[in-house]
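Overview (structure and organization)
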Amino acid sequence: MKIDKKIKSLPLTKSNPKTLESLFGRTDISPMWVADMDFAIAKPIQKALIKRITDSGFAYEYKPESFFKAQKDWYKKQYQLDLIRERILFSPTITTTIAVIIERFTLEGDGIITQPPVFMEFRDVIRKTKRKIVKNALKLVDDHYEIDFTDLEEKARSSQNKVLILCNPHNPVGRVWTKKELQKIISICKKNDILLISDEIHKDIVLFENQFTSVLSFAKDWDKIVVCTSEAKTFNIPGISDAMAIIPNENIHNSVKEIFNKYNLGRTNALTRVALETAYKEGESWLKKLIVTIEDNVHIIDKELRSNNSKIKLIKPEGTYQVWLDFRALFDDSKEMFNYITKNSGIGMNAGHWFGREGALFMRMNIATSSEKVKKAILSIIKAGNK
Ligand SMILES: Cc1ncc(COP(=O)(O)O)c(C=O)c1O
């Protein structure tokens, strides 16, 4: 995969000196934290964007038939799903959608179940909407994260808890939930009348022998679900992407649509439209190469940790382009670990405890970059860990 060398000249969040200073206490750090990629975007997308900019101006646009056809074909081919156009809504970001859903279907003080360690913006949105975070923490069993179904049943049974936010594939632990696991989740939601929000933004980056299944496949059993997704991660376009809410239940869909309309959340951005339509039509071969590159990078990390007899452990990802590194054999205190490893490696990774205290003593490393950079980074981290 080609690295985008010019990207460094942009005002990127991941290398914003103010952000680096506040997160890592220094600015001279190699940023491997925010989940975007160092790779150049797919050529067809770049070409289509250039053509769109040179051809014409930017009056108001709508998403034409060709957009929805390309999207429908992509979802059918990639996930064997028949998208129903009338059930799709667009908003600027996934977190916007989650906030709307929570406010629409729950009351202040109601419980929202999450599965930490998990994407921190779930926690932020629950707090900002004044709901209660209810934790169904994941269990780590023999280096493999699992859902604690007994605990989930218990949390779902409480009439105060109204929503479960699932992250599939799971950020940061990299699980791609199996059909069997999803079936269990669906049956718990159905039994206890829980609205299921499934964040499937990482759906396309599925590694090795694993297979992604959307909860939409179970909509016949339980349709009180909202799938939040986008192509932002897949094609490295978070700077221009919008997000989709796929809502099979007509009443829920209409109710959410009313709010989206009220705040005018679904306006079509001309560049987003072009990028997405091209990605659906011509992005597959780029995506395939990306996955091979990410798998190679996982192997590099695994090999270096083993051959250097490091006490740092890799939790092998099934999906996403992050790896979840376990420092429990080296430290007792998560903040001390984070400060020490950051200072001595010069690599800016996400501290595990940013994803909830359940992530303490772990770090998340973004590996959507060149194999040379990944190797150099993991060697620096290993060296820092040999304290
Ligand atoms: C699970 C998950 N959901 C959502 C997002 C961000 O999506 P958005 O920018 O559309 O809110 C991320 C970004 O890292 C993520 O990992």
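Quick caveat: nothing in here was measured; it's all calculated off a predicted structure.

1. Quick word on the overall build of the protein chain
The helix and strand tally for the protein chain stands at 12 helices and 15 strands. The globule rule puts the C-alpha radius of gyration for 387 residues at 21 Å, and the 21 Å found for the protein chain is close to it. Across its three principal axes, the protein chain shows a C-alpha extent of roughly 60 × 55 × 40 Å. Taken over 387 residues, the protein chain has a buried fraction of 44%.

2. A closer look at the site of the ligand
Around the ligand lies a shell of 13 residues, among which Ala-35, Thr-93, Ile-94, Thr-95 and Asn-171 are the nearest. Considering only residue class, the shell around the ligand consists of 8 nonpolar, 4 polar and 1 charged.

3. A short note on unusual backbone geometry
Excluding glycine, residues mostly carry a negative phi; peptide bonds, for their part, are mostly trans. Residue Pro-117 is reached from Pro-116 by a cis peptide bond, and omega for that bond is 0°. As for its position among the elements, Pro-117 is in the loop between strand 3 (111-114) and helix 5 (120-128). Cis peptide bonds are those with omega within 30 degrees of zero, and the linkage from Asn-168 to Pro-169 qualifies with -10°. Residue position: Pro-169 is located in the loop between strand 7 (161-167) and helix 7 (179-192). A positive phi angle, close to 55°, is found at Asn-236, a residue other than glycine. Residue placement: Asn-236 occurs in the loop between strand 9 (225-229) and strand 10 (243-246). With 24 C-beta atoms counted inside 10 Å, the residue Asn-236 sits in the buried group. Phi at Leu-361 is positive, roughly 75°, even though this residue is not glycine.

4. Overview of the pairing of strand 3
A two-sided burial pattern is seen for strand 3, the buried positions comprising Gly-111 and Ile-113 on one face and Ile-112 and Thr-114 on the other. Pairing analysis gives 4 bridges linking strand 3 to strand 4 (residues 132-135), with the strands arranged parallel. Looking at strand 4, one finds that Ile-112 is bridged to Ile-133. Traced from strand 3 through helix 5 to strand 4, the parallel crossover comes out right-handed. Here strand 3 runs beside strand 7; their pairing, made up of 3 bridges, is parallel. Paired with Gly-111 across the bridge in strand 7 is Asn-161.

5. Overview of the sheet that holds strand 8 (residues 195-199)
Spatially, 7 strands are ordered 2-10-9-8-7-3-4 in an open sheet, and the strand pairing comes out mixed. Where the open sheet ends on each side, the last strands, each with one partner, are strand 2 (88-91) and strand 4. The mean inter-strand angle of the sheet, taken between neighbouring strand axes irrespective of direction, is 25°. Across the sheet, helix 5 lies against strand 3, strand 4 and strand 7, angled at about 175° from strand 3, the strand it touches most.

6. Notes on the sheet that holds strand 12 (residues 322-326)
Strands sit in the order 11-12-15-14 across an open sheet of 4 strands; the sheet is antiparallel. The two strands at the open ends of the sheet, each matched to only one other strand, are strand 11 (313-315) and strand 14 (350-351). Across 3 bridges, strand 11 lies against strand 12 in antiparallel orientation. Looking across to strand 12, one finds that Leu-314 is bridged to Leu-325.

7. Quick notes on the pairing of strand 7
Counting buried positions along strand 7 gives 7 out of 7 residues, so the element sits mostly inside the fold. When strand 7 meets strand 8, the two strands line up parallel, connected through 5 bridges. Looking at the pairing, Leu-166 lines up with Ser-198 of strand 8.

8. Some thoughts on the domain arrangement of the protein chain
It is common to report an interface's size as the accessible area lost on association of the parts. As far as domains go, the protein chain holds domain 1 (5-42 + 285-385) and domain 2 (46-281). Here the C-alpha centroids of domain 1 and domain 2 sit 25 Å apart. Contacts between the two partners involve 28 residues from domain 1 and, on the opposite side, 31 residues from domain 2. Elements supplying a minimum of two residues to the side of domain 1 that touches domain 2: helix 10 (284-307), strand 11 and strand 12. Looking at the side of domain 1 that touches domain 2, the element that brings in the most residues is helix 10, giving 5 residues. Grouping the amino acids of the side of domain 1 that touches domain 2 by side-chain chemistry returns 15 nonpolar, 7 polar and 6 charged.

9. Topic: the nonpolar core
Membership of the largest hydrophobic core comes to 102 residues, with the highest contact counts inside it found for Val-163, Cys-189, Leu-196, Ile-197 and Leu-325. Each residue touching Leu-196, except ones within four places of it in the same chain, is listed here: Leu-164, Leu-166, Cys-189, Val-215, Lys-224 and Ile-225.

10. Quick notes on the environment of Met-349
Looking at where Met-349 falls in the secondary structure, it is placed in the loop between strand 13 (347-348) and strand 14. Between the alpha carbons of Met-349 and Val-141 there is a distance of 24 Å; along the sequence they are 208 residues apart. Every residue in contact with Met-349, bar those within four places of it in the chain, is listed here: Met-32, Trp-33, Met-363, Arg-364 and Met-365.

Conventions used here
Residues numbered from 1 in each chain as written. Predicted model: local features only at pLDDT ≥ 70, side-chain atom pairs only at ≥ 80, totals over all residues. Helix = DSSP H or I, 4+ residues; strand = E, 2+ residues; numbered from the N terminus. Rg over C-alpha atoms; globule rule 2.2 N^0.38 Å. Buried ≥ 20, exposed ≤ 12 C-beta atoms within 10 Å, placed from the backbone. Near = placed C-beta within 6 Å. Nonpolar A, V, L, I, M, F, W, Y, C, P; charged D, E, K, R; others polar. Pairing = 2+ DSSP bridges. Right-handed = clockwise from strand over helix to strand, strands pointing away. Axes fitted to C-alpha atoms, helices over the stretch in contact; angles between N-to-C directions. Contact = placed C-beta atoms within 7 Å. Domains from an automatic or database assignment. Core = buried A, V, L, I, M, F, W, Y, C linked by C-beta atoms within 7 Å.

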